[in-house]
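If you want the building blocks of each chain, they are given just below.
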Amino acid sequence: ATRVKRAIVFIGILLLFAARPAGAQLLNAPWVEESQERVEKIRMGSMRIIVLDEAGDPVPRATVKIDMLSHAFPFGVHVSKDMLERWPSKDSFGKAPLYRCFNAISLDRLTTWDRTQPESDKWDFSEVEPWLKLAKEHRLLVRWGGVVPSDPGRMPRWAASLKGEELAAALQTHTARVLRDYGQRVAQFDILTQTLDHRYVEQELGMGMVRRLYRLAETEVPGRPMPWEFGRAALHLDDAFGADRLQKALRRVTAMREGFVDIDSIAIEVRLSGSIVEAPVTRSIKFLGDPGLPVLITNLETAGPSETGAAINLETAMRAMFSQRTVKGIWLAGTTAEDFRDSSAALIDKKGQLTTAGELFDQLVHKLWWSNESRTTDEIGNARARVYAGLHRITATLPDGRTVTTEVVLEASEIGERLIVLQPLGKAKEAPAAPVKTIFDDPSQRPTVDASPE
């Protein structure tokens, strides 16, 4: 029976490849097209570009080129100390397959409490700083990951035995230190982690302590604008995507909100294997979105029975997640086999080459869900385009060969247009001065003086 099942799966994969369309995908099914329609509806925006000459007159037949530089939607990866050496330089980053897709990183492997505060009076952020420097150079959004765990087994040795006020002081001091030092450089923090299976902090100190820790995200970084479409303090749910665990996850979110804890998004780890079907994944995402909070997919791992099977699973998961409005970011668990629990999920092989899954991810993000457009202005200097939300470089080439360039951040919008005007620098044309007329130039309008007696 097992051999028959494997044969059926193998034949199915062969048929799938034989019938697949050209482009950045392996899958070909009605739901694929439906998901793409949703993607284009919720992840794109419209722009109207007006090209003017120095004098402010419209320029017809100008060539307008729109080059996407980065997505507004975070496509990220969980980084490690070793990955820093493999990360492309700033100059080659935009052309490096796979890496060019990433506009965000998560530092959670480097920011655990036991690593960042190994002793009660000693902090160590030496592994974090190089990544923050790189993130600034590459314009990457940064998630810190966990600040403090709700599992005593993941606490520093010196803190695991603390009780009462001493434990509360240790939790609060570390959380405040992280937020105060890095709140301006990091977009979001998972204040409390491992909350699905462990409630040590809540059990020892009550929901009031949990509330206090999350409140620090506001008081220690006052006035900081909210990043992207989610806030700065997420509730982290570890490996909670299974049907039975989703119910538990939703109950945990409800308990937090009923306890007046200031969570502003849900960060959920997702690990999938076997043969993934789109419909259950979509239902799970919608279920998670019921509380009305943004959902961030973290530590995404899609393994499979083979390299090809893992790629098919990755495409299924990515399409299902990216096409749901409630999902505000996706972070892969890593790139190489060492980063995943199941090595079949790797995106880069031992030789440094992209696996089938790696090629698939690169093509999805940097081809299918990417906008590089060319337009020609009409007789009144207008050009229109609908493109994916994000950072774009727009270049207009005038008929005489001169160019003018600008960079624009476009937000996703189903209605309306973003107006962008491109105009070379120069002195504006001066219109001839028109004579100024007043009521005194018309005898009939001149005021009269009534000198008659009252």
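None of the values given here were measured: they were computed from a predicted structure. (Residues numbered from 1 in each chain as written. Predicted model: local features only at pLDDT ≥ 70, side-chain atom pairs only at ≥ 80, totals over all residues. Heavy atoms only, no water.)

Caption draft 1: A look at the side chain of Gln188. For Gln188, the location among the structural elements is in strand β6 (residues 188-193). Residue Gln188 is classed as buried on the basis of its relative accessible area of 0%. A polar contact of 2.8 Å, which involves the side chain of Gln188, links it to the side chain of Arg143. If we skip the residues at most four places from it in the chain, Gln188 touches Val142, Arg143, Trp144, Gly145, Phe230, Gly231, Arg232, Ala233, Ala234, Asp264, Ser265 and Leu296. (Helix = DSSP H or I, 4+ residues; strand = E, 2+ residues; numbered from the N terminus. Buried < 20%, exposed > 50% of the residue type's maximum accessible area, 1.4 Å probe, protein only. Polar contact = N/O pair within 3.5 Å; in protein donor to acceptor, adjacent residues only side chain to side chain. Contact = heavy atoms within 4.5 Å.)

Caption draft 2: Quick peek at the nonpolar core. By size, the foremost hydrophobic cluster in this structure holds 103 residues, and its most contacted members are Trp87, Ile105, Met318 and Phe361. Phe361 has contacts with Phe75, Leu98, Cys101, Phe102, Leu314, Met318 and Leu332, leaving out every residue within four places of it along the chain. (Core = buried A, V, L, I, M, F, W, Y, C linked by side-chain atoms within 4.5 Å.)

Caption draft 3: Layout of the packing of aromatic side chains. Tallied over the full model, the rule gives 17 aromatic pairs. Here Phe75 and Phe322 contribute two aromatic rings whose centre-to-centre distance is 5.2 Å and whose plane-to-plane angle is 50 degrees, an arrangement assigned as tilted. Taken together, the residues Phe75 in strand β3 (residues 75-78) and Phe322 in helix α12 (residues 307-322) connect sequence positions 247 residues apart. Phe322 matches Phe75 in its accessibility class, with the two residues each being buried. On the numbers, 6.4 Å between centres and 85 degrees between planes, the contact of Phe75 with Phe361 is edge-to-face. With Phe75 in strand β3 and Phe361 in helix α13 (residues 356-368), the pair connects residues that are 286 residues apart, well separated along the chain. In this structure, Phe75 and Phe361 share a single accessibility class: buried. An aromatic cluster is defined as three or more aromatic residues linked by ring pairs; in this entry it consists of Phe73, Phe75, Trp87, Phe93, Tyr99, Phe102, Trp131, Phe322, Phe361 and Trp369. Between Arg143 and the ring centre of Trp331, over which it is positioned, the NZ or CZ distance is 5.4 Å. When the ring centre of Trp123 is taken as origin, the NZ or CZ atom of Arg177, which lies over that ring, is 4.7 Å away. (Phe/Tyr/Trp six-rings, centres within 6.5 Å; stacked < 30°, edge-to-face > 60°. Lys NZ or Arg CZ within 6 Å of the ring centre and 35° of its normal.)

Caption draft 4: Representation of the sheet that holds strand β11 (residues 372-376) within the structure. Taken together, the four strands give an open sheet; going across it, the order is β11-β2-β13-β14, and neighbouring strands pair in antiparallel fashion. Edge positions in the open sheet fall to β11 and β14 (403-410), since each of these has one partner strand only. Strand after strand, the sheet turns through a mean of 20 degrees between neighbouring axes, direction not considered. In terms of strand pairing, strand β13 (residues 390-397) meets β14 through eight bridges, oriented antiparallel. Bridged to Leu391 within β14 is Val409. (Pairing = 2+ DSSP bridges. Axes fitted to C-alpha atoms, helices over the stretch in contact; angles between N-to-C directions.)

Caption draft 5: Geometry of the pattern of salt bridges. Under the defined criterion, the tally for this structure stands at 24 salt bridges. With its nearest N and O atoms 3.0 Å apart, the salt bridge here joins Glu129 to Arg185. With Glu129 in helix α5 (residues 129-138) and Arg185 in the loop between α7 (164-182) and β6, the pair connects residues that are 56 residues apart, well separated along the chain. You can call Arg185 partly exposed: its relative accessible area is 41%. Measuring nitrogen to oxygen at the nearest pair gives 2.7 Å for the salt bridge that ties Glu414 to Arg325. With Glu414 in the loop between β14 and β15 (418-422) and Arg325 in the loop between α12 and β10 (327-332), this residue pair connects regions lying 89 residues apart in the sequence. Counted as one network, the salt bridges with shared partners bring together Glu54, Asp400 and Arg402. (Salt bridge = Lys/Arg side-chain N within 4 Å of Asp/Glu carboxyl O.)

Caption draft 6: Molecular detail of helix α9 (residues 207-219). Taking 1.5 Å per residue, 13 residues should reach 18 Å; α9 reaches 18 Å between its end C-alpha atoms and fits that length. Along α9, the positions that sit buried rather than exposed are Met207, Met209, Val210, Leu213, Tyr214, Leu216 and Ala217. (Expected span 1.5 Å × (residues − 1).)

Caption draft 7: Summary view of the pairing of β13. Counting buried positions along β13 gives six out of eight residues, so the element sits mostly inside the fold. Relative to β13, strand β2 (residues 63-71) runs antiparallel, the two sharing eight bridges. Each residue of the ladder has a partner; that of Val64, found in β13, is Ala396. Once β13 ends, the chain turns through five residues before running back antiparallel as β14, passing Gly401 with a positive phi of about 95 degrees.

Caption draft 8: How the structure looks around unusual backbone geometry. Look at Arg139: it is not a glycine, yet its phi comes out positive at around 60 degrees. Along the polypeptide, Arg139 turns up in the loop between α5 and β5 (141-149). Located in the positive-phi region is Phe260, a residue other than glycine, with phi close to 60 degrees. The residue Phe260 is located in the loop between α10 (243-258) and β8 (265-272) in this model. A relative accessible area of 63% places Phe260 in the exposed class.

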